[in-house]
Amino acid sequence: KKNLSLKIILCLIFFAIISLISIFNAQKISHDIIGNIFLKQIIYYFIGIIVLLFSYYKKDLIIKYHYLGYLTFIFLLIILLIFGVSINGSRCWL
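Remember, it's a predicted structure, so these values are computed and weren't measured experimentally.

The next subject is the overall build of the chain. Counting its secondary structure elements, the chain contains 5 helices and 2 strands. In the chain, the order of α-helices and β-strands from amino to carboxyl end is α-α-α-α-α-β-β. By the burial criterion, 9% of the 94 residues in the chain qualify as buried. Here the analysis covers contacts within the chain between residues at least 6 apart in sequence; of these, 24% occur between residues at least 24 apart. With an accessible surface of roughly 8400 Å², the chain has 75% of that area assigned to carbon and sulfur atoms.

Given below as structure tokens:
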């Protein structure tokens with residue numbers, strides 16, 4: 001079993017901190033437009049950490065069901081094409 005590289009983890013933490021600082025400072029300047037993206041970004045980082053740990057410890061489960069995940073995301077992209085709203089030339093869920 002391979003270990004998680006400490007260098008990669010430290011780089012991820014460093015970039016996460018830099019991005020959170022940038023979002024926090026941008027939020028102070030234009031609070032009306034951005035909303036509470038800072039809190040959302042922290043939640044997304046925690047979800048990413050959970051997915052990273054899950055993928056590290058449950059590789060056999062991911063390999064076994066990778067086709068199901070692939071088909072699910074293809075289905076979601078098709079649904080986006082059908083029901084998505086076009087905003088500035090790109091499709092969005094909202």
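Now that the structure is up, let's keep going.
What follows deals with the layout of surface pockets. Reported here for the largest pocket is a volume of approximately 380 Å³. Lining the largest pocket are 15 residues, and of these L12, I13, A16, Y45 and I49 lie nearest its centre. Elements supplying a minimum of two residues to the lining of the largest pocket: α1 (6–29) and α3 (37–57).

The next thing to look at is the packing of α1 against α3. Between α1 and α3, the shortest axis-to-axis distance is 9 Å and the interhelical angle comes to 165 degrees. Taken together, the axis directions place α1 and α3 in an arrangement best described as roughly antiparallel. When the axes of α1 and α3 are compared, the crossing they make is right-handed. The segment α1 lies against α3, with I9, F15, A16, S19, L20, I23, F24 and Q27 engaging I37, F38, Q41, I42, Y45 and L52. A class-by-class count of the residues in the contact of α1 with α3 yields 11 nonpolar, 3 polar and no charged.

About the thresholds
- Residues numbered from 1 in each chain as written.
- Predicted model: local features only at pLDDT ≥ 70, side-chain atom pairs only at ≥ 80, totals over all residues.
- Heavy atoms only, no water.
- Helix = DSSP H or I, 4+ residues; strand = E, 2+ residues; numbered from the N terminus.
- Buried < 20%, exposed > 50% of the residue type's maximum accessible area, 1.4 Å probe, protein only.
- Contact = heavy atoms within 4.5 Å.
- Areas by Shrake-Rupley, 256 points an atom, 1.4 Å probe, with all protein chains shown as cover.
- 1 Å grid on protein atoms, 1.4 Å probe; cavity = no way out; pocket = protein on both sides within 12 Å on 5 of 7 lines; lining within 4 Å.
- Points joined across faces, edges and corners; volume = space filled by probe spheres on them.
- Axes fitted to C-alpha atoms, helices over the stretch in contact; angles between N-to-C directions.
- Parallel < 35°, antiparallel > 145°, perpendicular 65-115°, else oblique.
- Left-handed = near helix turned anticlockwise from the far one by under 90°.
- Nonpolar A, V, L, I, M, F, W, Y, C, P; charged D, E, K, R; others polar.

Read these as spatial facts, not as claims about activity.
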